Amino acid sequence: MSLDVFLNELHKKYGKVILPGKEIKGLEIRSVFSGILGIDIATGGIPLGRDILYFGLPQTCKSTLALKNAAILQRVMNKPVMIIDTEGSYTHDYATHCGLDIDGVYLSDPQSLEEAGDVAEATIISNEFSCVILDSVSARETGREIEKSLSLDKNENMLRAAVTNRIYRKCARASGRLGKMTSDPNHTVFIACSHIYEKPGQFVTSHVMPGGHGKEFQASLIIKLTGGQRIKSGDDIVGKTIQWQVTKSKISPPDMTGAFDFYYQSMGNLVAPCVNTADEVLRHCELNGMITRVGNKYGLTDHFEDLKKSEVVNYLTNNSQVLDELYSKLYSLSGFAHRLWTIE
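What counts and how
Residues numbered from 1 in each chain as written. Predicted model: local features only at pLDDT ≥ 70, side-chain atom pairs only at ≥ 80, totals over all residues. Heavy atoms only, no water. Helix = DSSP H or I, 4+ residues; strand = E, 2+ residues; numbered from the N terminus. Buried < 20%, exposed > 50% of the residue type's maximum accessible area, 1.4 Å probe, protein only. Contact = heavy atoms within 4.5 Å. Areas by Shrake-Rupley, 256 points an atom, 1.4 Å probe, with all protein chains shown as cover. Salt bridge = Lys/Arg side-chain N within 4 Å of Asp/Glu carboxyl O. Axes fitted to C-alpha atoms, helices over the stretch in contact; angles between N-to-C directions. Parallel < 35°, antiparallel > 145°, perpendicular 65-115°, else oblique. Left-handed = near helix turned anticlockwise from the far one by under 90°. Expected span 1.5 Å × (residues − 1). Phe/Tyr/Trp six-rings, centres within 6.5 Å; stacked < 30°, edge-to-face > 60°. Patch = residues over 30% accessible without salt bridge, like charges linked within 9 Å, V, L, I, M, F, W, Y side chains within 5 Å. Lys, Arg positive; Asp, Glu negative; His and termini not counted. Core = buried A, V, L, I, M, F, W, Y, C linked by side-chain atoms within 4.5 Å. Pairing = 2+ DSSP bridges.

Looking now at the overall build of the chain. Counting secondary structure elements, the chain contains ten helices and 16 strands. In the chain, which comprises 344 residues, the share counted as buried stands at 46%. Considering only contacts within the chain whose residues lie at least 6 apart along the sequence, 66% involve residues at least 24 apart. Surface exposure of the chain reaches about 18100 Å², of which carbon and sulfur atoms provide 50%.

This is how it looks when you write it as structure tokens:
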């Protein structure tokens, strides 16, 4: 039996499930900035058409980071964003603060975990959205839990784990098939957030995600977020250091670690954290020798010299062209610059 005959018989039975390499269009990785310089340098940014998982304890900026990713994807890809809000915590004010254009945001409030998964899969397949955010995977009950009373069922955790894993498998299949069957790199990104819980042991307390390790099999990029020290100005708490670790990556070296500072900004009754990009750029420029430092004074050729850290941060903040130039140079040092994708 010749190869052509074998392939024709296979296609008749199962459809066109085998493609020659020259016809597979979506294997090249294309990325956009994540909004966190350290993560961009370590991973290359947010890969288009891939699944991303942020997990960690509460108050570690998982939702905020997902919204900042969505804002950049929305702007670069010129497509709306779908937010599947299973926590019931979404607000327009907070999303606007994170950079989202509210006119391009669609919100889904599913009644069950299964419904959330169906909405996510259908949205990815449509490829009409820049990204789909599921926040969070562990916050919505299954259909069976909704139908029952508050009495405990020893099988509920197993059912939740099975449904959660099925959501990831279906969304990964949808985005993976979409990427290979079209030459357009403008693929929907699936971003999921998940809490972790303490699992007490006899000698040590470990942390686990709902659904166990099954979710980790499908995502292309998994980042663990951990809350660090609080940042104070006098007696006032003005921010928090967030530590991140790439626990899995199919697009870059894994096990990369780093940290960034989130500062709180008052917004009426809300307190919305933001990343000080100028502060991050200064830190990485110093590490890479792009900015000179003598004592507590900094200098950058043709731009400034003998400035204190706060003065440099203010200078970069007020000179966006210099800030963007330094950001791009730092990103190019990562070796991922060829992946950066923008709409011409």
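Still more ground to cover, so stick around.
It is worth spelling out the pattern of salt bridges at this point. Tallied over the full model, the rule gives seven salt bridges. A salt bridge links Glu121 to Lys170; the nearest nitrogen and oxygen atoms lie 3.3 Å apart. Here Glu121 is found in helix α5 (residues 113–126), whereas its partner Lys170 is found in helix α7 (residues 156–180), with 49 residues between them in sequence. Between Arg283 and Asp261 there is a salt bridge; the shortest N-O distance is 3.4 Å. Remark: Asp261 occurs in strand β12 (residues 257–267) and Arg283 occurs in helix α8 (residues 277–287); sequence separation between them is 22 residues. Taking the relative accessible area as the measure of exposure, Asp261 reaches 16% and is therefore buried.

Here we take up the packing of α8 against helix α10 (residues 320–332). Two elements in contact, α8 and α10, have axes whose closest approach is 10 Å; the angle formed by their N-to-C orientations is 50°. Here α8 is positioned oblique relative to α10, judged by the angle of their axes. For the crossing formed where α8 meets α10, the hand is left-handed. Across the interface between the two elements, Thr277, Ala278, Val281, His284 and Cys285 of α8 pack against Leu323, Leu326, Tyr327 and Leu330 of α10.

Glancing now at helix α3 (residues 62–77). End to end, α3 covers 22 Å across 16 residues, agreeing with the expected 22 Å (1.5 Å per residue, within 8%). Among the 16 residues in α3, 14 count as buried, and that is most of the element. Just past α3, the residue Asn78 takes up positive phi, approximately 60°.

This model, assessed by the stated rule, comprises six aromatic pairs. Three or more aromatic residues joined by ring pairs make a cluster, and in this case those are Phe33, Tyr327 and Tyr331.

This part covers a nonpolar patch on the surface. Taken together, the side chains of Leu3, Phe6, Tyr14, Val17 and Ile18 present a nonpolar region at the surface, about 490 Å² in accessible area. Note that Ile18 resides in the loop between α1 (3–14) and β1 (31–32). Given the relative accessible area of 33%, Ile18 is considered partly exposed.

The next point concerns the side chain of Asp135. When you line up the elements, Asp135 lands in strand β6 (residues 131–135). With no salt bridge to any partner, buried Asp135 finds its closest opposite charge in Lys62, at an N-O distance of 7.1 Å.

The next point concerns the nonpolar core. The biggest cluster of nonpolar side chains holds 41 residues, and the ones touching the most others in it are Tyr54, Leu73 and Leu100. With nine residues, the single largest contributor to this core is α3. The residues contacting Tyr54, other than those within four sequence positions of it, are Ile46, Lys62, Leu65, Ala66, Asn69, Ile191, Ala192, Cys193, Ser194, Ile223 and Leu225. Membership of the second largest hydrophobic core comes to 23 residues, among which are Phe55, Met82, Ile84 and Leu113.

This next bit is on the environment of Ala172. Relative to the helices and strands, Ala172 resides in helix α7. The spacing of Ala172 and Ala219 is 47 residues in sequence and 7.3 Å in space, taken between C-alpha atoms. Excluding residues that lie within four positions of it along the chain, Ala172 makes contacts with Asp51 and Gln218.

A word on the sheet that holds strand β15 (residues 297–300). If you trace the three strands from one edge of the open sheet to the other, you get β14-β15-β16, paired in antiparallel fashion. Only two strands of the sheet have a single partner each, and these edge strands are β14 (292–294) and β16 (304–307). On average, each strand axis in the sheet is tilted by 15° relative to the strand beside it, whichever way the strands run. Looking at chain direction, β14 and β15 are connected through three bridges and run antiparallel. In the sheet register, Val294 faces β15, and the bridge partner there is Lys297. Here helix α9 (residues 309–318) sits on the sheet in contact with β15 and β16, set at roughly 150° to β16.

Any link to function would need more than the numbers given here.
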